[in-house]
Amino acid sequence: MSIISKVANVMQSVLTYTADAIARKTGFIKRLRKLTGSGFVQTLVFGWLSNPTATLEELTQTAASLGISITPQGLDKRFTQKAANFIKKVLESAVATVIAQKPVAIPVLQRFSSVYIQDSSTITLPDSLAVIYHGCGGSTVKNTSSAVKTQIRLNLNTGELLGPYLQSGKEHDQSSQLAEIPLPKGALRIADLGYFSLSDFKDLNSQEVYWLSRVKSQCDVYYDGKRFSLLEFLEKQCQDQIDLQVLLGVKEQVDCRLLAVKVPDEVAKIRRCKLLKEAQRKGKKASDRALKLARFLIMSCNIPCELLSISEAFVL
(Lines give C-alpha, C1' and ligand atoms only; values in the text may rest on other atoms or scores of the structure.)
Protein backbone atom coordinates (compact mmCIF):
# COMPACT_ATOMS: atom_id res chain seq x y z
CA MET A 1 0.00 0.00 0.00
CA SER A 2 1.40 3.43 -0.96
CA ILE A 3 1.95 6.20 1.59
CA ILE A 4 -0.90 8.18 -0.02
CA SER A 5 -3.29 5.27 0.45
CA LYS A 6 -2.19 4.79 4.06
CA VAL A 7 -2.67 8.45 4.90
CA ALA A 8 -6.02 8.52 3.11
CA ASN A 9 -7.30 5.53 5.09
CA VAL A 10 -6.09 6.94 8.41
CA MET A 11 -7.50 10.42 7.76
CA GLN A 12 -10.84 8.99 6.63
CA SER A 13 -11.13 7.27 9.99
CA VAL A 14 -9.92 10.32 11.96
CA LEU A 15 -12.29 12.70 10.18
CA THR A 16 -15.34 10.46 10.67
CA TYR A 17 -15.69 7.86 13.45
CA THR A 18 -12.78 9.15 15.55
CA ALA A 19 -13.91 12.78 15.36
CA ASP A 20 -17.46 11.90 16.38
CA ALA A 21 -16.24 9.84 19.34
CA ILE A 22 -13.91 12.64 20.52
CA ALA A 23 -16.70 15.22 20.10
CA ARG A 24 -18.87 13.29 22.54
CA LYS A 25 -16.03 12.62 24.96
CA THR A 26 -14.95 16.28 25.14
CA GLY A 27 -18.52 17.58 25.44
CA PHE A 28 -18.38 19.46 22.14
CA ILE A 29 -21.42 17.47 21.03
CA LYS A 30 -23.90 16.59 23.78
CA ARG A 31 -26.95 15.62 21.75
CA LEU A 32 -27.80 14.64 18.19
CA ARG A 33 -27.76 17.67 15.91
CA LYS A 34 -27.16 18.59 12.27
CA LEU A 35 -23.55 19.69 12.88
CA THR A 36 -21.73 16.62 14.14
CA GLY A 37 -18.16 16.49 15.39
CA SER A 38 -16.98 14.96 12.12
CA GLY A 39 -18.94 17.55 10.13
CA PHE A 40 -17.35 20.42 12.05
CA VAL A 41 -13.82 19.04 11.56
CA GLN A 42 -14.35 18.31 7.88
CA THR A 43 -15.75 21.80 7.31
CA LEU A 44 -12.65 23.40 8.79
CA VAL A 45 -10.10 21.01 7.29
CA PHE A 46 -11.48 21.01 3.76
CA GLY A 47 -12.45 24.68 3.88
CA TRP A 48 -9.04 25.90 5.00
CA LEU A 49 -7.16 23.43 2.80
CA SER A 50 -8.96 24.98 -0.16
CA ASN A 51 -8.43 28.54 1.08
CA PRO A 52 -6.28 29.21 4.19
CA THR A 53 -8.01 32.60 4.62
CA ALA A 54 -11.56 31.33 4.10
CA THR A 55 -14.24 33.46 5.77
CA LEU A 56 -17.19 32.16 7.75
CA GLU A 57 -19.34 32.51 4.63
CA GLU A 58 -16.89 30.44 2.59
CA LEU A 59 -16.67 27.82 5.33
CA THR A 60 -20.46 27.45 5.36
CA GLN A 61 -20.27 26.82 1.61
CA THR A 62 -17.84 23.99 2.33
CA ALA A 63 -20.27 22.72 4.96
CA ALA A 64 -23.09 22.82 2.39
CA SER A 65 -21.02 20.68 0.01
CA LEU A 66 -20.81 18.14 2.85
CA GLY A 67 -24.58 18.17 3.26
CA ILE A 68 -24.54 20.43 6.35
CA SER A 69 -26.88 23.42 6.46
CA ILE A 70 -25.57 26.15 8.78
CA THR A 71 -25.41 29.94 8.70
CA PRO A 72 -22.17 31.93 9.15
CA GLN A 73 -23.55 33.17 12.48
CA GLY A 74 -24.36 29.61 13.56
CA LEU A 75 -20.88 28.42 12.66
CA ASP A 76 -19.30 31.36 14.46
CA LYS A 77 -21.09 30.36 17.68
CA ARG A 78 -19.47 26.94 17.50
CA PHE A 79 -15.98 28.41 18.00
CA THR A 80 -15.74 27.92 21.74
CA GLN A 81 -13.19 26.65 24.26
CA LYS A 82 -14.73 23.18 23.98
CA ALA A 83 -14.38 23.37 20.19
CA ALA A 84 -10.69 24.27 20.52
CA ASN A 85 -10.11 21.37 22.90
CA PHE A 86 -12.01 19.04 20.58
CA ILE A 87 -9.94 20.05 17.53
CA LYS A 88 -6.70 19.64 19.49
CA LYS A 89 -7.72 16.12 20.55
CA VAL A 90 -8.52 15.22 16.93
CA LEU A 91 -5.07 16.44 15.87
CA GLU A 92 -3.43 14.42 18.63
CA SER A 93 -5.32 11.35 17.46
CA ALA A 94 -4.13 11.90 13.90
CA VAL A 95 -0.44 12.21 14.80
CA ALA A 96 -0.64 9.29 17.21
CA THR A 97 -1.14 7.03 14.21
CA VAL A 98 2.28 6.01 12.89
CA ILE A 99 2.55 6.31 9.12
CA ALA A 100 5.44 4.41 7.52
CA GLN A 101 6.93 5.04 4.09
CA LYS A 102 9.55 2.98 2.29
CA PRO A 103 12.93 3.06 4.11
CA VAL A 104 15.82 5.03 2.66
CA ALA A 105 18.03 2.61 0.70
CA ILE A 106 21.47 3.72 1.91
CA PRO A 107 23.72 0.84 3.03
CA VAL A 108 25.47 2.84 5.77
CA LEU A 109 22.14 3.21 7.59
CA GLN A 110 21.87 -0.55 7.99
CA ARG A 111 24.81 -0.52 10.41
CA PHE A 112 22.47 0.87 13.05
CA SER A 113 19.29 -0.63 14.48
CA SER A 114 17.51 2.59 13.46
CA VAL A 115 18.56 6.02 12.21
CA TYR A 116 16.44 8.92 13.45
CA ILE A 117 16.40 12.48 12.19
CA GLN A 118 14.88 14.87 14.73
CA ASP A 119 13.86 18.43 13.90
CA SER A 120 11.33 21.18 14.52
CA SER A 121 9.56 23.96 12.62
CA THR A 122 8.06 27.14 14.05
CA ILE A 123 4.83 28.62 12.72
CA THR A 124 3.81 32.20 13.52
CA LEU A 125 0.28 32.57 14.89
CA PRO A 126 -2.01 35.57 15.45
CA ASP A 127 -1.08 37.53 18.60
CA SER A 128 -4.48 36.67 20.13
CA LEU A 129 -3.27 33.07 20.60
CA ALA A 130 -0.36 34.08 22.84
CA VAL A 131 -2.30 32.88 25.91
CA ILE A 132 -2.04 29.34 24.50
CA TYR A 133 1.18 29.32 22.46
CA HIS A 134 3.79 31.89 23.48
CA GLY A 135 6.01 33.35 20.79
CA CYS A 136 9.57 34.57 21.04
CA GLY A 137 8.93 38.18 20.11
CA GLY A 138 10.75 39.84 17.26
CA SER A 139 11.79 43.02 15.51
CA THR A 140 8.17 43.89 14.69
CA VAL A 141 5.33 44.45 17.15
CA LYS A 142 2.61 42.61 15.23
CA ASN A 143 2.41 38.80 14.95
CA THR A 144 5.43 38.01 17.14
CA SER A 145 3.68 37.26 20.43
CA SER A 146 2.41 33.81 19.46
CA ALA A 147 3.97 30.87 17.67
CA VAL A 148 3.65 27.11 17.72
CA LYS A 149 6.61 24.76 17.32
CA THR A 150 6.10 21.34 15.73
CA GLN A 151 8.50 18.54 16.67
CA ILE A 152 9.05 15.43 14.55
CA ARG A 153 11.28 12.37 14.52
CA LEU A 154 11.73 10.38 11.29
CA ASN A 155 13.14 6.84 11.24
CA LEU A 156 15.07 6.55 7.96
CA ASN A 157 15.37 2.77 8.31
CA THR A 158 11.61 2.16 8.39
CA GLY A 159 10.07 5.42 7.15
CA GLU A 160 8.09 5.82 10.39
CA LEU A 161 7.27 9.38 11.44
CA LEU A 162 6.61 10.43 15.04
CA GLY A 163 4.80 13.73 15.49
CA PRO A 164 4.25 16.52 14.89
CA TYR A 165 4.04 17.24 18.62
CA LEU A 166 3.06 20.81 19.47
CA GLN A 167 4.66 23.22 21.94
CA SER A 168 4.94 26.98 22.38
CA GLY A 169 7.30 28.68 19.97
CA LYS A 170 9.40 30.09 22.81
CA GLU A 171 10.04 26.65 24.34
CA HIS A 172 13.44 25.12 23.71
CA ASP A 173 13.73 22.13 21.38
CA GLN A 174 15.18 20.11 24.24
CA SER A 175 11.88 20.36 26.15
CA SER A 176 10.04 18.58 23.36
CA GLN A 177 7.74 15.65 24.08
CA LEU A 178 10.11 13.62 21.90
CA ALA A 179 12.66 13.74 24.72
CA GLU A 180 10.34 11.48 26.74
CA ILE A 181 10.25 8.82 24.00
CA PRO A 182 13.33 6.58 24.37
CA LEU A 183 15.37 5.42 21.41
CA PRO A 184 16.25 1.73 20.97
CA LYS A 185 19.69 0.36 21.76
CA GLY A 186 22.02 0.63 18.80
CA ALA A 187 20.01 3.42 17.16
CA LEU A 188 21.55 6.62 15.78
CA ARG A 189 20.05 10.07 16.45
CA ILE A 190 20.91 12.96 14.13
CA ALA A 191 19.75 16.41 15.24
CA ASP A 192 20.78 20.03 14.77
CA LEU A 193 22.17 22.52 17.29
CA GLY A 194 18.75 23.16 18.81
CA TYR A 195 19.06 19.75 20.48
CA PHE A 196 22.74 20.13 21.44
CA SER A 197 23.02 19.11 25.09
CA LEU A 198 26.06 17.54 26.71
CA SER A 199 23.90 16.03 29.46
CA ASP A 200 21.60 14.50 26.82
CA PHE A 201 24.64 13.08 25.02
CA LYS A 202 25.78 11.46 28.27
CA ASP A 203 22.33 9.96 28.74
CA LEU A 204 22.37 8.59 25.18
CA ASN A 205 25.81 7.12 25.85
CA SER A 206 24.49 5.30 28.92
CA GLN A 207 21.52 4.01 26.91
CA GLU A 208 23.90 2.68 24.22
CA VAL A 209 22.35 4.98 21.64
CA TYR A 210 24.59 6.63 19.04
CA TRP A 211 24.39 10.35 18.29
CA LEU A 212 25.77 12.69 15.64
CA SER A 213 25.65 16.45 16.06
CA ARG A 214 27.21 19.73 15.07
CA VAL A 215 29.14 21.48 17.86
CA LYS A 216 28.35 24.78 19.53
CA SER A 217 31.09 27.31 18.92
CA GLN A 218 31.46 28.20 22.61
CA CYS A 219 32.29 24.63 23.64
CA ASP A 220 35.68 23.96 25.19
CA VAL A 221 37.72 20.87 24.40
CA TYR A 222 39.99 18.77 26.61
CA TYR A 223 42.74 16.91 24.76
CA ASP A 224 45.81 15.25 26.32
CA GLY A 225 44.76 16.75 29.66
CA LYS A 226 44.81 20.33 28.34
CA ARG A 227 41.86 22.67 27.90
CA PHE A 228 41.30 24.56 24.65
CA SER A 229 38.59 26.69 23.15
CA LEU A 230 37.09 25.00 20.10
CA LEU A 231 38.68 27.54 17.75
CA GLU A 232 42.05 27.31 19.47
CA PHE A 233 42.02 23.53 19.29
CA LEU A 234 41.20 23.43 15.59
CA GLU A 235 43.79 26.05 14.69
CA LYS A 236 46.49 24.05 16.49
CA GLN A 237 45.90 21.01 14.30
CA CYS A 238 48.19 21.09 11.27
CA GLN A 239 45.87 19.18 8.97
CA ASP A 240 42.77 19.80 6.88
CA GLN A 241 40.89 16.84 8.33
CA ILE A 242 40.57 16.11 12.06
CA ASP A 243 39.22 12.99 13.75
CA LEU A 244 40.27 12.88 17.40
CA GLN A 245 38.90 11.47 20.65
CA VAL A 246 38.32 14.37 23.09
CA LEU A 247 36.36 15.44 26.13
CA LEU A 248 33.76 18.00 25.09
CA GLY A 249 32.61 20.58 27.64
CA VAL A 250 33.77 21.73 31.08
CA LYS A 251 31.15 20.90 33.73
CA GLU A 252 29.45 18.20 31.65
CA GLN A 253 32.37 16.45 29.97
CA VAL A 254 31.43 14.04 27.19
CA ASP A 255 33.90 11.53 25.79
CA CYS A 256 33.39 11.67 22.02
CA ARG A 257 34.96 11.98 18.59
CA LEU A 258 35.52 15.50 17.31
CA LEU A 259 35.34 15.60 13.52
CA ALA A 260 36.33 18.62 11.46
CA VAL A 261 37.30 19.44 7.89
CA LYS A 262 38.44 22.72 6.39
CA VAL A 263 36.08 23.98 3.72
CA PRO A 264 37.30 25.67 0.50
CA ASP A 265 37.92 29.41 0.73
CA GLU A 266 34.93 30.24 -1.46
CA VAL A 267 32.65 28.18 0.80
CA ALA A 268 34.06 29.87 3.92
CA LYS A 269 33.39 33.26 2.31
CA ILE A 270 29.76 32.35 1.61
CA ARG A 271 29.31 31.11 5.19
CA ARG A 272 30.76 34.34 6.61
CA CYS A 273 28.42 36.41 4.44
CA LYS A 274 25.46 34.46 5.80
CA LEU A 275 26.65 35.02 9.38
CA LEU A 276 27.02 38.75 8.80
CA LYS A 277 23.61 39.07 7.15
CA GLU A 278 21.90 37.07 9.92
CA ALA A 279 23.58 39.17 12.62
CA GLN A 280 22.55 42.37 10.82
CA ARG A 281 18.97 41.13 10.55
CA LYS A 282 18.91 40.61 14.32
CA GLY A 283 20.59 43.95 15.00
CA LYS A 284 23.70 42.26 16.36
CA LYS A 285 27.35 41.89 15.43
CA ALA A 286 28.78 38.59 14.24
CA SER A 287 31.48 37.41 16.64
CA ASP A 288 35.07 37.12 15.47
CA ARG A 289 35.07 33.52 16.75
CA ALA A 290 32.09 32.54 14.62
CA LEU A 291 33.60 34.14 11.53
CA LYS A 292 36.86 32.24 12.01
CA LEU A 293 35.06 28.95 12.68
CA ALA A 294 33.31 29.38 9.32
CA ARG A 295 36.49 27.86 7.83
CA PHE A 296 35.55 24.51 9.37
CA LEU A 297 32.74 21.99 9.17
CA ILE A 298 32.62 20.56 12.70
CA MET A 299 30.73 17.62 14.17
CA SER A 300 30.89 15.35 17.20
CA CYS A 301 29.66 11.83 17.77
CA ASN A 302 30.02 8.74 19.97
CA ILE A 303 30.20 6.36 17.00
CA PRO A 304 33.39 4.25 16.85
CA CYS A 305 35.57 4.96 13.80
CA GLU A 306 35.40 1.27 12.81
CA LEU A 307 31.61 1.64 12.53
CA LEU A 308 31.58 5.01 10.76
CA SER A 309 34.41 6.82 8.99
CA ILE A 310 34.76 10.59 9.08
CA SER A 311 33.69 10.89 5.44
CA GLU A 312 30.60 8.76 6.11
CA ALA A 313 29.77 10.88 9.15
CA PHE A 314 29.69 14.02 7.01
CA VAL A 315 27.57 12.25 4.41
CA LEU A 316 25.03 11.51 7.15
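Residues numbered from 1 in each chain as written. Predicted model: local features only at pLDDT ≥ 70, side-chain atom pairs only at ≥ 80, totals over all residues. Heavy atoms only, no water.

## Thoughts on the overall build of the protein chain
Right, on to step 1. Of regular secondary structure, the protein chain possesses ten helices and eleven strands.
Right, on to step 2. Dimensions of the protein chain along its principal axes, counting C-alpha atoms only, are 75 × 45 × 35 Å.
Right, on to step 3. A buried classification covers 39% of the 316 residues belonging to the protein chain.
Right, on to step 4. Across the protein chain, contacts joining residues at least 24 apart in sequence account for 58% of those joining residues at least 6 apart. (Helix = DSSP H or I, 4+ residues; strand = E, 2+ residues; numbered from the N terminus. Buried < 20%, exposed > 50% of the residue type's maximum accessible area, 1.4 Å probe, protein only. Contact = heavy atoms within 4.5 Å.)

## Notes on the pattern of salt bridges
Right, on to step 1. Applying the stated criterion across every chain, the model contains twelve salt bridges.
Right, on to step 2. Between Lys88 and Glu92 there is a salt bridge whose closest N-O contact spans 2.7 Å. Taken together, the positions of Lys88 and Glu92, both in helix α5 (residues 81–95) and four residues apart, correspond to about one turn of that helix.
Right, on to step 3. Judged by relative accessible area, which is 34%, Glu92 ranks as partly exposed.
Right, on to step 4. The partner of Asp288 in a salt bridge is Lys292, with the nearest N and O atoms 3.3 Å apart. One end of the pair is Asp288 and the other is Lys292, both in helix α9 (residues 288–293) and four residues apart, which spans about a single turn. (Salt bridge = Lys/Arg side-chain N within 4 Å of Asp/Glu carboxyl O.)

## Brief notes about the packing of helix α2 (residues 37–50) against helix α3 (residues 56–65)
Right, on to step 1. It is the contact of α2 with α3, at a shortest axis distance of 9 Å, that shows an interaxial angle of 115°. Classified by chirality, the crossing of α3 by α2 is right-handed. Note on element contacts: α3 touches α2 through Leu59, Thr62 and Ala63, opposite Thr43, Leu44, Phe46, Gly47 and Trp48.
Right, on to step 2. Here the contact of α2 with α3 is built from residues that sort into five nonpolar, three polar and no charged. (Axes fitted to C-alpha atoms, helices over the stretch in contact; angles between N-to-C directions. Left-handed = near helix turned anticlockwise from the far one by under 90°. Nonpolar A, V, L, I, M, F, W, Y, C, P; charged D, E, K, R; others polar.)

## Quick notes on the side chain of Ser168
Right, on to step 1. For Ser168, the location among the structural elements is in strand β4 (residues 160–168).
Right, on to step 2. The exposure class assigned to Ser168 is buried, which follows from its relative accessible area of 7%.
Right, on to step 3. At a separation of 3.2 Å, a polar atom in the side chain of Ser168 contacts the main-chain amide nitrogen of His134.
Right, on to step 4. Not counting residues up to four positions away in its chain, the partners in contact with Ser168 are Ile132, Tyr133, His134, Ala147 and Lys149. (Polar contact = N/O pair within 3.5 Å; in protein donor to acceptor, adjacent residues only side chain to side chain.)

## Quick notes on the environment of Ala290
Right, on to step 1. Along the chain, the position of Ala290 falls in helix α9.
Right, on to step 2. In sequence terms Ala290 and Arg272 are 18 residues apart; their C-alpha atoms lie 8.3 Å from each other.

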